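Given next are the chains, with one letter for each unit.
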Amino acid sequence: MAESLTGMKKHAVFIYSEDQLGYKFSETHPFNQKRLILTIDLLREMKALPEDLIVPARTATDEELLLAHDQRYIDIVKKASRGEVTPEAGEGYGIGTEDTPIFENMHEASARLVGGTLTAVDQVMEGKAEHALNLGGGLHHGFRGKASGFCIYNDSSVAIHYLKQKYGARVLYIDTDAHHGDGVQWCFYDDPDVCTVSIHETGRYLFPGTGNINERGSGQGYGTSFNFPIDAFTEDESFLDIYRTAMREIIEHFKPDVILSQNGADAHYLDPLTHLSSTMEIYREIPKIAHELAHEFCDGKWIAVGGGGYDIWRVVPRAWSMLWMEMNSQPLPHGKLPEAWLKRWQAESPVPLIETWSDPENMYKSIPRKTEITEKNQQMLDKALYMIRNQ
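Small disclaimer: the values here were computed from a predicted structure and weren't measured.

Conventions and cut-offs
Residues numbered from 1 in each chain as written. Predicted model: local features only at pLDDT ≥ 70, side-chain atom pairs only at ≥ 80, totals over all residues. Heavy atoms only, no water. Axes fitted to C-alpha atoms, helices over the stretch in contact; angles between N-to-C directions. Helix = DSSP H or I, 4+ residues; strand = E, 2+ residues; numbered from the N terminus. Parallel < 35°, antiparallel > 145°, perpendicular 65-115°, else oblique. Contact = heavy atoms within 4.5 Å. Nonpolar A, V, L, I, M, F, W, Y, C, P; charged D, E, K, R; others polar. Buried < 20%, exposed > 50% of the residue type's maximum accessible area, 1.4 Å probe, protein only. Right-handed = clockwise from strand over helix to strand, strands pointing away. Pairing = 2+ DSSP bridges. Salt bridge = Lys/Arg side-chain N within 4 Å of Asp/Glu carboxyl O.

A.B. asks: What am I meant to see in the packing of helix α8 (residues 236-254) against helix α12 (residues 370-389) here?
C.D. replies: Geometrically, a packed helix pair is captured by the angle between its two axes and the distance between the axes. For the pair α8 and α12, interaxial distance at closest approach is 10 Å and the crossing angle is 0°. Judged on the interaxial angle alone, α12 and α8 are roughly parallel. Residues S238, D241, I242, T245, A246, E249, I250 and H253 of α8 pack against T374, N377, Q378, M380, L381, L385, I388 and R389 of α12. Tallied by class, the residues present in the contact of α8 with α12 amount to 7 nonpolar, 6 polar and 3 charged.

A.B. asks: Even after reading the chapter, I still don't get the pairing of strand β5 (residues 194-201), so can you show me in this structure?
C.D. replies: Residues in a regular strand project their side chains so that they alternate between the two faces of the sheet. Counting buried positions along β5 yields 8 of 8 residues, so the element is predominantly enclosed. For the crossover that starts at strand β4 (residues 171-175), traverses helix α7 (residues 182-187) and ends in the parallel β5, the hand is right-handed. As defined by bridge partners, β5 adjoins strand β6 (residues 225-230) across 6 bridges and the pair is classed as parallel. When the bridges of β6 are listed, S198 appears paired with N227.

A.B. asks: So what exactly am I meant to see when it comes to the pattern of salt bridges here?
C.D. replies: When the charged atoms of two side chains lie near each other, side chains of opposite charge can form a pair. Across all of its chains, the model carries 28 salt bridges by this definition. For K336, the salt bridge goes to E355, with nearest N and O atoms at 3.5 Å. Remark: E355 occurs in the loop between α11 (339-346) and α12 and K336 occurs in the loop between α10 (316-327) and α11; sequence separation between them is 19 residues. On the basis of relative accessible area, E355 is assigned to the partly exposed category, the value being 42%.

Take a look at the structure:
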């Protein structure tokens, strides 16, 4: 149970089961769930994750998966999990590809990640906790009948349908992963009760190539899809200015019942798969602002999931630890990381660990196009805000 022995509602609960580590394509694949182990270990060293705040992730049922996925697709994933589908036969469904290879028990592992997000939903919507975090979730590229971009089932899409069906909720989905949250956007593109917001690196340079500012929704859902494609090499100040300004305008306009945020940690300068120049500073501010907005507009109802993040040693554990500490109303840390954690993992890390919560000032050279990039981002933001205010 997420309630304490006194029956008091908890600030936040942390959804986790070791089974979530089973979502593993290969030893060399960039999507590496070891980042969950590293994050949990860091939080425990900080005395920031009491055992009574950990709630086990359940497994999503087929009926729940069908909220956002086709039966034929689920059947193919199950067969592939048993080794009954060749990569060639699976390719049309997005599995067996270089990005999303087939692995044993793929269906079970994927359904467990979805179930973790549904567990988080129930904890919040049943009043057991104000906030809930499932770092194993955030697989935002999955489509109704196709896997994409390391994502087999789309836990956020299933969870939003679940929020609507079971709780009648009006949902604001916020995605700050460096990659556009395409799977979630297209799933609710014509739905007036779901607002999707994605701040991401422009698709001119990065997968999946979508997320243009003019993707606004369709039919009754027109005006409930918002995209903020930022230029490559965007730094903290420009990123956060867009996030702060846009989120307040959008939430005041949409008036949701609950916030579901996807917290990919791949906008960082050190991430090997993206081209942004953010530092740990954005991972202090993004959850802080979401937390404030949740209390101001949604009675505190805030569900958060993980997402991308491919520098699992130097970036993800620090970023996700700060997300949890903000969510659980703990002071965000400064100074040096715990010595025991650094010593334990440095021996295994292929790169020197960053020893402080903040990044070193000389982490990267000055961006020569900083002024131009900032101006382009501001023009994009101004255009987006104009559309919000005049729709």
